[in-house]
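One-letter residues, chain by chain:
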Amino acid sequence: MLVPERGGAVVPVTVVLCVNGERHEFEIDPLERLADVLRDRIGLVGTKVGCGEGACGACAVLLDGRAVASCLLAVGSAAGHRIETIEGLSRDGLTPLQEAFIAADALQCGFCTPGQIVAATGLLRAEPAPTRAAVRQAMSGNICRCGCYPKIEQAILSCSGGDG
Amino acid sequence: MTRLVKTVTEMEGRFEEKWVLVEDDGLVSWEAEAALRHVGHPTPRLTGPQRVSGAARYTVDVALPGMLHAAVLRSPVAHGRVTALQVAAAEAIAGVRAVLTPASELGFQQRSGPLHDEPLYAGAPLAVVAADTLAAAREACRALAPSIEPLPFTVDIETAWQEQRFDGDLHEEARGDVEAALAAAAVRVELVVSTPGQLQTPIEPHAAVAWWKPDELVCFIATQGMFDARAELAKRFDLPPERVRVITEYVGGGFGGKQNAGFEALIAAELSRRTGRPVRLVLDRHGEQLDGGCRPATRQTVRLGATADGMLTAIDAEALVEFGMSGWRAVTTPALTLYRCADVRGIEANLRLELRRGNAFRAPAVMEGITALEQAIDELAIETGLDPLELRRRNFADRDQSADLPYTSNSLLWCYDRAAELAGWPDRDRWREPQADGLLRGMGCAAQIWWGGGGPPSHASCRLGGDGVAQVVVGVQDIGTGTLTAARMVAAEELGLPLDRVTVRGGDTAPAIYGPVAGGSQTTPSVMPAVRGAAAAVRRKLLALAGDVFEAEPDDLVVDDGRIRSRDGGLDEPYTAVTAKLGQASIDGSGNRGPNPDGYRANTFGCQIARVAVDPGTGSVRVEGIWAAHDIGRVINPLGASSQVEGGILQGMAYALSEQRVIDRTTGVPVNATMDDYKVPTMMDTPPIVVAFAPLPDTLLNTVGAKGLGEPPIIPTAAAIANAFRHATGRRAAALPLTRARVLEAIA
Ligand code: FES
Ligand code: FES
């Protein structure tokens, strides 16, 4: 069998999430993955699940401003934290980083793109002028199978306040 | 005039003569020097805003009212007999609506059933459950608790070869007398090379959402070929194709692995038929890596004979393929076509193993073949003391060696020169001098050949409304290749409209405008001429109407930048001066891809150069740069095209360095069928990549002069890297990928 075991009866608890500035309350198994709650219960399907095992970064969301893999995060442990998804980042129109992704053609199929944007946003908030090496290090957890890396790097550096 | 004509079509090297409907559009291919406003200029993607904002809806995102979720139970063994399944226990789980097992009577026909009671590979589907929630479906899969009696299996090429476990006949193609030519050759080399099994690993796994309605089957499918998917569903379920609708708005990568309707759509449709509810079936990552498909591993032997000055006199290529696609033999095709040579033989054996059968993965078979052939050519260069590029130039084939036909265009020599110039090839030996950091460096090159000429049938429509905005409809989905963007550029060019006044729709079979599967690098050369034809039809009608409105001769009028102008400059009016008079009417045009020119072969060519740095202490190999020059005819969108080349190169690089399906020989089970263990490249692995395109449109081939680009860039990368490794270390590894263990062994 190729599905993770999760034996035992589930006791739902009340979990309050703050997602993109809005409050959501659920009676829920606290071990449910944040990614599934965002996608299936709140309908924020911009967050993608590429692997479900923390290895691709497609499911990245910002937790108190820091990029995390929402497929590895139990919803119970996300309670009380500020969660931002790709939809939240795009609420007031495209950000300069998103515009830079389009201009540089830093996307092909686009499936990894929300995760890339979220991760890069987290990076630029923490370090507004990252070096090229810092960008490559920080983004290495986000897989792009289409191979857009040269252009993702270029798009992020074009939004970096520094000189690379 | 509409005609039915007989023409030769090609898909990944399979040639077929067929009747196609052709409407003459009177267009001639844009000349090389034509001053074009949009085509040939870097253009951002049409769907960029949707994709960067998370608004794009992929198949995995489709949620319909009352939708059920399906999960798949897979075989944990390579070969076995399922003796029992606890179906009652699974059905007893709350929320379970349907359980399908090998014993179920299915509403569709398939030669080998989709569910197996004698699984022939680890990961083969045994049963499927649909339930109200995915959690319930998965729990029911666990409850099925299959009893499996293990059976013997073979998962390595060597044993299968000794046991002569052939899938289909041995395939042989030859010209001349290769044995005699080899015996007589002044210089001979022989090389045995193993290549790995490679998994497509699209980030969106295989997925389908099916809704069996009373009058129509609607399927959202992550597929590269929505019309193929429609045809497969219609055929299997015995429905008229008009009653099947396939919607594929966005696809999260395919790379060859998402063909037709596939297991997911067939099963989702069956579950929906039974339950009356929409059903979503998405492979989990483990399922995707086990059963999404793969490029089969190979073991190849290449023997070359040549004169002392490097003229090839014999090419003999043998390939053992680890259970590849049924009936698909192209590993030795490059040996038969890339170089001029009279005495040539290619032999391929497809071996049947208890492994997931290979399917298409970007440049299927040809990439494997080039990886071996181009390493052998490199050995010949060393043996003859010739510069590897010079050796290739000397053996340049200006016509198709197998078919003995001329090419519609061939800029391979340009590619050699350009790649050499960009990479600093003449100075390559300087990299072999002792390096301050103690690493061993070297440069290698490899050439590429692929088809990619496209052909009919492919259709498009164009509608110009009163607002002066044109809407183009094509019969293809955009899997990330930028097809819709290219269609917008071509239509805008022909209509003389700014880009933002052209919209393009694809990804839905409902308009019944046919387009080909996104495979074989055929989309651009097939679809873009149809788009141009449709736009031209609208332009002509518009100018005829403009002639009425402005009392001018339509032949004296041209369109440009959203305006209608007379050639003498006397008239300059916006489009809307005419279209506003249309009321609710519109100007409609249709277009199609014309036949391929008779007596030619259409191929793409290219050359890549790689530079590597090898750490002799740890065995790690880093690629420090790739320089790529490709001949794909006219480049519609240089921005998207460079992205596609970079993507192909990165997949090719990983084939040389890190990607391989690893099978545990004692159990027959793949041990790295997860994203964590299967090593696709990351940004940290990405070297600088320089891309150039030959500046020669293929004006013989079609009315836009374009050839395809999907496969070419992945083809030569691994061979170029292996040759750079040879240049750096003086050694050649017998197998790819160049893992640390293999590197240390090779340089010991
Ligand atoms: S889906 Fe979360 S890391 Fe891949
Ligand atoms: S754009 Fe396709 S995976 Fe990144």
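Keep in mind that this is a model prediction, so the values were computed, not measured.

### Examining the sheet that holds strand 2 (residues 22–28) of chain A
Residue and element names in this part refer to chain A.
So, point 1. Pairing is mixed in the open sheet, where five strands are placed in the order 2-1-5-3-4. Among the strands making up the open sheet, the edge pair consists of strand 2 and strand 4 (66–69). On average, each strand axis in the sheet is tilted by 40° relative to the strand beside it, whichever way the strands run.
So, point 2. Together, strand 1 (13–19), strand 2, strand 3 (60–63) and strand 5 (82–84) form the strand contacts of helix 1 (residues 34–41), whose direction differs from that of strand 2 by roughly 105°.

### Observations concerning the sheet that holds strand 21 (residues 470–474) of chain B
Hydrogen bonds between backbone groups are what pair the strands of a sheet, and the pairing can be parallel or antiparallel.
All names here are of chain B.
So, point 1. Pairing is mixed in the open sheet, where four strands are placed in the order 22-21-20-26. Looking at which strands have only one partner, the edges of the open sheet turn out to be strand 22 (502–505) and strand 26 (587–592). The average undirected angle you get between the axes of adjacent strands in this sheet is 20°.
So, point 2. Inspection of the sheet shows strand 21 paired to strand 22 by four bridges, in the parallel sense. Following the sheet pairing, Val-472 is matched in strand 22 by Val-504.
So, point 3. On the sheet, helix 13 (residues 483–495) packs against strand 20 (459–464), strand 21 and strand 22 and is oriented at approximately 140° with respect to strand 22.

### Some words on a negative patch on the surface
Residue and element names in this part refer to chain B.
So, point 1. A cluster of like negative charges, contributed by Glu-553, Asp-555, Asp-556 and Asp-568, occupies part of the molecular surface.
So, point 2. Considering the arrangement of structural elements, one finds Asp-555 in the loop between helix 14 (523–550) and strand 23 (557–560).
So, point 3. Judged by relative accessible area, which is 60%, Asp-555 ranks as exposed.

### A word on the pairing of strand 28 (residues 621–631) of chain B
Residue and element names in this part refer to chain B.
So, point 1. Burial within strand 28 is extensive, with ten of its eleven residues counted as buried.
So, point 2. Looking at chain direction, strand 27 (residues 603–614) and strand 28 are connected through ten bridges and run antiparallel. Note that in strand 28 the partner of Arg-611 across the bridge is Gly-625.
So, point 3. Taken together, strand 27 and the strand that follows it, strand 28, pair antiparallel across an intervening segment of six residues, in which Gly-619 is found at a positive phi of about 80°.
So, point 4. In the sheet, strand 28 pairs with strand 31 (residues 689–693) via five bridges, with the strands oriented parallel. Its bridge partner being in strand 31, Trp-627 is matched across the sheet by Val-690.

### Describing the pattern of salt bridges
So, point 1. Throughout the structure, instances matching the rule amount to 53 salt bridges over all chains.
So, point 2. In this structure, Glu-153 of chain A and Arg-132 of chain A form a salt bridge, with 2.3 Å as the shortest nitrogen-oxygen distance. In this pair, Glu-153 of chain A is assigned in helix 7 (residues 149–158) and Arg-132 of chain A in helix 6 (residues 132–139), connecting sequence segments 21 residues apart.
So, point 3. By relative accessible area, Glu-153 of chain A is classed as buried at 6%.
So, point 4. Take Arg-132 of chain A: its relative accessible area is 43%, and that puts it in the partly exposed class.
So, point 5. A salt bridge links Glu-179 of chain B to Arg-303 of chain B, with the nearest nitrogen and oxygen atoms 3.1 Å apart. Pair noted here: Glu-179 of chain B is in helix 5 (residues 178–184) and Arg-303 of chain B is in strand 14 (residues 298–306), with a separation of 124 residues, a long-range link.
So, point 6. For Glu-179 of chain B, a relative accessible area of 39% translates into the label partly exposed.
So, point 7. According to the relative accessible area criterion, Arg-303 of chain B is partly exposed, its value standing at 23%.

### Section: the side chain of Thr-686 of chain B
So, point 1. Turning to its location among the elements, Thr-686 of chain B is positioned in the loop between strand 30 (669–670) and strand 31.
So, point 2. Residue classification places Thr-686 of chain B among the buried residues on the basis of a relative accessible area of 4%.
So, point 3. In contact with Thr-686 of chain B, not counting residues within four places along its chain, are Arg-136, Tyr-149 and Pro-150 of chain A together with Leu-650 of chain B.

About the criteria used
- Residues numbered from 1 in each chain as written.
- Chains lettered and ligands numbered in written order.
- Predicted model: local features only at pLDDT ≥ 70, side-chain atom pairs only at ≥ 80, totals over all residues.
- Heavy atoms only, no water.
- Pairing = 2+ DSSP bridges.
- Helix = DSSP H or I, 4+ residues; strand = E, 2+ residues; numbered from the N terminus.
- Axes fitted to C-alpha atoms, helices over the stretch in contact; angles between N-to-C directions.
- Contact = heavy atoms within 4.5 Å.
- Patch = residues over 30% accessible without salt bridge, like charges linked within 9 Å, V, L, I, M, F, W, Y side chains within 5 Å.
- Areas by Shrake-Rupley, 256 points an atom, 1.4 Å probe, with all protein chains shown as cover.
- Salt bridge = Lys/Arg side-chain N within 4 Å of Asp/Glu carboxyl O.
- Lys, Arg positive; Asp, Glu negative; His and termini not counted.
- Charge placed at Lys NZ, Arg CZ, Asp CG, Glu CD.
- Buried < 20%, exposed > 50% of the residue type's maximum accessible area, 1.4 Å probe, protein only.

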